[in-house]
Amino acid sequence: MMHKVMAGIVMVFAGPAVAEQVIIAALGDSLTQGYGLPAEDGLVPQLQTWLDENGADVTLVNAGVSGDTTAGGLSRVGWTLTPDVDGMIVALGGNDLLRGLDPAVSRANIDGILEAAKGADVEVLLVGMTAPGNYGPEYKSAFDALYPELADQYGAEFLSSFFAGLAVDGEMPELSQAQAFFQPDGVHPNKEGVAKIVTAMGPKVLALIEDIKAN
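A brief look at the structure comes next. (Residues numbered from 1 in each chain as written. Predicted model: local features only at pLDDT ≥ 70, side-chain atom pairs only at ≥ 80, totals over all residues. Heavy atoms only, no water.)

**Quick look at the sheet that holds strand β3 (residues 87-91)**
Turning to step 1, where the next piece is worked out: Taking strand neighbours across the sheet as the criterion, the 5 strands line up as β2-β1-β3-β4-β5 in an open arrangement whose pairing is parallel. Of all the strands in the sheet, the pair left with one neighbour each is β2 (58-64) and β5 (157-159). Adjacent strand axes in the sheet meet at a mean angle of 20°, parallel and antiparallel pairs treated alike.
Turning to step 2, where the next piece is worked out: Both strand β4 (residues 123-127) and β5 contribute to a ladder of 3 bridges, which runs parallel. Residue pairing across strands places L125 opposite E157, the latter belonging to β5.
Turning to step 3, where the next piece is worked out: Docked against the sheet, helix α7 (residues 137-154) engages β4 and β5, running at close to 165° with respect to β4. (Pairing = 2+ DSSP bridges. Helix = DSSP H or I, 4+ residues; strand = E, 2+ residues; numbered from the N terminus. Axes fitted to C-alpha atoms, helices over the stretch in contact; angles between N-to-C directions. Contact = heavy atoms within 4.5 Å.)

And the structure:
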């Protein structure tokens, strides 16, 4: 009888099991960091709000650094993948494009990032970048292909382009129309542009969260 009473007391104090909150680090450059925007209007805060509104029990960590290349992301992925991080959004490559870096170098760096995540048992959402045509068709083909190919190789969730939310019927709007969603520099999205980007990225992050829970 005493054993049953003690078991009951233990059950009362233990209570129901509570699932730990998912923590996802957003590894990126100025587009992730929120360059030129009030803190609350950047990608990570707006994406956090979207996820909260869609019932996700998740905390996003802003690991975006302005000016970062894929090499910079690789150099700091080790300390980004702290023991409490369950997932990672990888959104790098824009500065590689601005510098015209060899796509093979960008591929090797992102491969290293995904390999580090795999070693840490961290699920990944890989966000692609699309090269402009001014570097030539071979460069564009090699750069554009590295993202879907690496996502497939590592079994990562994949979003074809950071700017997918701005596309209409799969195509980016004309420059005159797109300007409404960018800051004066024409590179970084404004608050409204970020909101559209979040609408495309949000469902992919929900899928990432499901991968984490299933892992």
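**Structural notes on the nonpolar core**
Turning to step 1, where the next piece is worked out: If you look at the biggest cluster of nonpolar residues, it comprises 58 residues, and the most contacted ones within it are I24, L51, M88, I89, F162, M201 and V205.
Turning to step 2, where the next piece is worked out: Looking at this core, the elements with two or more residues in it are β1 (22-28), α3 (43-53), β2, β3, α6 (103-119), β4, α7 and α9 (191-214).
Turning to step 3, where the next piece is worked out: Top contributing element to this core by residue count: α9, with 8 residues.
Turning to step 4, where the next piece is worked out: Setting aside anything within four residues of it in sequence, one finds L51 in contact with A56, V58, L60, G202, V205, L206 and I209. (Core = buried A, V, L, I, M, F, W, Y, C linked by side-chain atoms within 4.5 Å. Buried < 20%, exposed > 50% of the residue type's maximum accessible area, 1.4 Å probe, protein only.)

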